[in-house]
Structures are given as structure tokens and as C-alpha cells.
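# Fold and contact review
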Amino acid sequence: MSLDKTIKGLKASFSKELSKSKTSSDLEKFRIKYLGRNGKLASLFEEFNKLPASEKPRFGKELNILKNELSSMYQDVVGGSKGSSISNNTDFSLPGYNLPDGNVHPLEQITYEIKSIFQSIGFSVAYGPEIDDDYHNFEALNVPKHHPARDMQDTFFINPNTVLRTHTSNVQIHLMENQDPPLRHICCGRVYRNEAVSYKSFCLFNQVEGLVINEDSSFAEMKGTLEYFVQEMFGKNTKMRFRPSYFPFTEPSAEVDIWNEKLNQWMEILGCGMVNPNVLTNVGYDNKKYQGFAFGMGIERIAMIKYGIKDIRLFYQNDKRFLEQF
Ligand code: DAH
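What you are looking at is a predicted structure, and each value in this text was computed from that prediction instead of being measured. (Residues numbered from 1 in each chain as written. Predicted model: local features only at pLDDT ≥ 70, side-chain atom pairs only at ≥ 80, totals over all residues. Heavy atoms only, no water.)

## Overview of the packing of helix α1 (residues 2–20) against helix α4 (residues 56–78)
- The interhelical angle for the contact between α1 and α4, taken along N-to-C directions, is 0 degrees, at an axis separation of 11 Å. As far as their axial angle goes, α4 and α1 are roughly parallel. On α4, the residues that touch Leu3, Asp4, Ile7, Leu10, Lys11, Phe14, Ser15 and Leu18 of α1 are Arg58, Phe59, Glu62, Leu63, Leu66, Glu69, Leu70, Met73, Tyr74 and Val77.
- Of the residues belonging to the contact of α1 with α4, the class tally is twelve nonpolar, one polar and five charged. (Axes fitted to C-alpha atoms, helices over the stretch in contact; angles between N-to-C directions. Helix = DSSP H or I, 4+ residues; strand = E, 2+ residues; numbered from the N terminus. Parallel < 35°, antiparallel > 145°, perpendicular 65-115°, else oblique. Contact = heavy atoms within 4.5 Å. Nonpolar A, V, L, I, M, F, W, Y, C, P; charged D, E, K, R; others polar.)

Dropping the structure here:
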């Protein structure tokens, strides 16, 4: 039957001409000639309509196979997805769209910076649990039940004995329980507090904890360490001061402020102190032989001071307009 031959011939000339069509305008002319509304394939379908009813099932099937084959050969060449139709005004020579680069979340960037500053002076990075028992979060840190210091940190309880940690200081206890001195670690991670959400406090935030334990660490060494950190983080000429303070797990304790040139005021950035001998006893260390210092700071606070961010909630809203600036 002549339609058989026509199908074969069309397939042969289709693939020959397709291989010669190099530019986008060649391809478009080619498409109109073969696959267009009045093209060669369409005219085969017209011939098909004239066939007697008895021949229609066989040729109908063959024509459909042909149609699929030709359009997928064409799609392979133009690089489009199989089976979709190409609109007349598609210019295949245009460069593609630039996908915007993603970027690392500002808190992650600051965490990375903090880690590398402390790693450069010999600290290792440790991890600890975000869900912990009352003992590690409070009791072992010299904060017994009913101690007023518990009011400083409104706590999310999972059950009466299990909390979402209120600070990374719990990791101090895990580290000391699992290792003998000397220790020189920092730990970064999320902490949780049941506080009213506002521009300056959020129910979750991040902290960095530092812990050094050995036989001869001193308050002077702690000061030197934290001065180095502040200079690396905020610049060599940053003014800072140590202010006496109170934490149950350190004695003596201090807080560090840095001078904010733009706002013309001191800003508190961290708490620190010599590890309280009671804490050393709680983990089974000999507090006559070993001593050490610890410090803790909020990562959001460091980021807010460094970048002049006024609202802590921005870190958690995933607004691209905010995130893209870092
Ligand atoms: N855990 C304290 C807080 O969340 C911060 C802190 C203060 C940590 C003094 C320390 C420290 O390790 O020595 O407010």
C-alpha cells in the first residue's frame, strides 16, 4: 500500500534534514515543514482520513507511532522535554536564566567564625544534647531545686525531670563526666527559654559555651582568651571591659561588655568565670588539683551587634530580603 511507503520515506527525509538543521532558524523552518499544522505529517493524517474504514485501524496505529517518533527525535535535537510542543517564538540561542545563588544563614556564618577563632587557639568543638535532664542543666551546675537562679532562665519542661536545655552549660557537665582533664572545648548549639517573644528575646536562640580545665588555668588566662576573641570578632581596636557578676557555676564570675561606637554605649556580650569548685566535685574531679574557666555567649547577640540588626526575630522568619544581605 502506498501509505506504507510514504511513511518510510517521510521518516528517512525527516532524519536526514533534521541532522542538517543547525541553527535555531533552520530548526524552526524544519519544524514548520514537518510538524507544523500544514506540514508533511499533518498531510499524512489527511490522507489517512480518506482511507476505507477497514484500513484505518492499522494505519491509525502506525501514524501515531510515527508522530511520536518524529516529535521525540525533534525534541532530542532541540533539547526540550519529550512531547512538549515548541512555541513559534522560542529562541533557542538565548542564554539560560541565572539561578540565584543560595547563601549560608547569617547565624551559621557567625557560628563558623566563632568556631574558627577558638580553634585557632587550640579549642576543640564538642556537642551535647538539647533535651537533657534537670541534673545536667541545673543541679550539677550548682543550681539546686528552688535556687533563685532558676528564675533567670524560664524553662520549657518536657516532664518534671526533663527540660529543653536553657543554656549550653549542660555540655560542660557531659564533657567533664566523660573525660579526664585537661579539657579545652567549645560547644555551639540551640537553647530554649519560655520567654515572651519580642524584638530582643526569642523562645529559642543559639549559644557558644567554652570550657578549659587543667592544673594551672587562671582568671588572667581567661581574660587573655576572651580579649583575643573580641579582637578577632569585632576588630583590633574594640574597647572591652570585665564587670563583676554572678553565676552559680562560676566563682568569681564576670560579664564582658564591648563598646558600641555607633550607639555610643556598652553592650554585654558574654558571661564567664572560674569554674565553681562545687561543679568540679559534682563531676568527680579533684578540685584541689584541677581548676578552670568557662564562658557562654549568645550567637544572635554577637550577630546583632556585628551587623547592626535590631530585631532577633528576623533570624527565624526566613525572609529572603533579610537573608540575602549576608
Ligand atoms: N549559661 C549562662 C547563661 O545562659 C552563660 C554563662 C555564664 C556560661 C558564665 C558560662 C559562664 O559558662 O561561665 O546565661
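## Focus: the site of the ligand
- Among the 16 residues in the neighbourhood of the ligand, the closest are listed as His167, Ser169, Arg193, Gln207 and Glu209.
- Contact distances for the ligand include 3.0 Å between a nitrogen atom and a side-chain N or O atom of His167.
- Here Ser169 contributes a side-chain N or O atom positioned 3.0 Å from a nitrogen atom of the ligand.
- When isolated, the ligand has an accessible area of 360 Å², and the protein chains bury 91% of it. (Near = heavy atom within 4 Å. Polar contact = N/O pair within 3.5 Å; in protein donor to acceptor, adjacent residues only side chain to side chain. Areas by Shrake-Rupley, 256 points an atom, 1.4 Å probe, with all protein chains shown as cover.)

## Points about the domain arrangement of the protein
- What the domain assignment lists for the protein is domain 1 (3–79) and domain 2 (106–323).
- Here domain 1 and domain 2 have C-alpha centroids that lie 72 Å from each other. (Domains from an automatic or database assignment.)

## Things to note about the sheet that holds strand β8 (residues 250–260)
- Read from one edge to the other, the open sheet built from seven strands follows the order β1-β5-β6-β10-β9-β8-β7, with strand pairing classed as mixed. Each end of this open sheet is capped by a strand with a single partner; those strands are β1 (124–126) and β7 (240–247). Strand-to-strand twist across the sheet, computed as the mean angle between neighbouring axes with direction ignored, equals 25 degrees.
- Where β1 and strand β5 (residues 183–192) come together, three bridges link them in parallel fashion. Looking at β5, one finds that Ala126 is bridged to Cys187.
- Lying on the sheet, helix α8 (residues 219–234) is in contact with β5, β6 (204–214), β7, β8, β9 (265–275) and β10 (291–298); it crosses β9 at an angle near 145 degrees.
- The strands touched by helix α10 (residues 299–307) within the sheet are β5, β6, β8, β9 and β10, with β9 carrying the most contacts at an inclination of about 150 degrees. (Pairing = 2+ DSSP bridges.)

## Things to note about the side chain of Asp134
- By the secondary structure assignment, Asp134 is in helix α6 (residues 134–137).
- Relative accessible area serves as the criterion here: at 2%, Asp134 is assigned to the buried category. (Buried < 20%, exposed > 50% of the residue type's maximum accessible area, 1.4 Å probe, protein only.)

## Digging into unusual backbone geometry
- With an omega of 5 degrees, the peptide bond running from Pro181 to Pro182 counts as cis.
- Locating Pro182 in the fold gives a position in the loop between α7 (170–178) and β5.
- A cis amide bond links Glu251 with the next residue in sequence, Pro252, at an omega value of -5 degrees.
- Summarising the element assignment, Pro252 is placed in strand β8.
- The backbone of Asn318 shows a phi angle near 55 degrees, a positive value even though the residue is not glycine.
- Residue classification places Asn318 among the exposed positions, given a relative accessible area of 56%.

## As for the packing of aromatic side chains
- Overall, the coordinates contain 15 aromatic pairs when judged by the stated rule.
- Taking 5.1 Å as the distance between ring centres and 65 degrees as the angle between the ring planes, the aromatic pair formed by Phe322 and Phe326 counts as edge-to-face.
- Residue class for Phe322 comes out buried when judged on its relative accessible area of 8%.
- Pairwise contacts between aromatic rings join Phe14, Phe30, Tyr34 and Tyr74 into one cluster.
- A cation sits over an aromatic face here: Arg58 above Phe59, 4.4 Å from the ring centre. (Phe/Tyr/Trp six-rings, centres within 6.5 Å; stacked < 30°, edge-to-face > 60°. Lys NZ or Arg CZ within 6 Å of the ring centre and 35° of its normal.)

## Details of the side chain of Thr168
- Position of Thr168 among the secondary structure elements: in the loop between β4 (162–164) and α7.
- Those residues in contact with Thr168 that lie beyond four places of it in its chain are Cys187, Gly189, Val191, Gln207, Val208 and Glu209.

## Some points on the environment of Glu255
- On the secondary structure map, Glu255 appears in strand β8.
- Separated by 227 residues in the primary sequence, Glu255 and Glu28 place their C-alpha atoms 73 Å from one another.
- Once residues within four sequence positions are removed from consideration, Glu255 is found in contact with Arg241, Phe242, Arg243, Ser245, Phe247, Glu268, Leu270 and Gly271.

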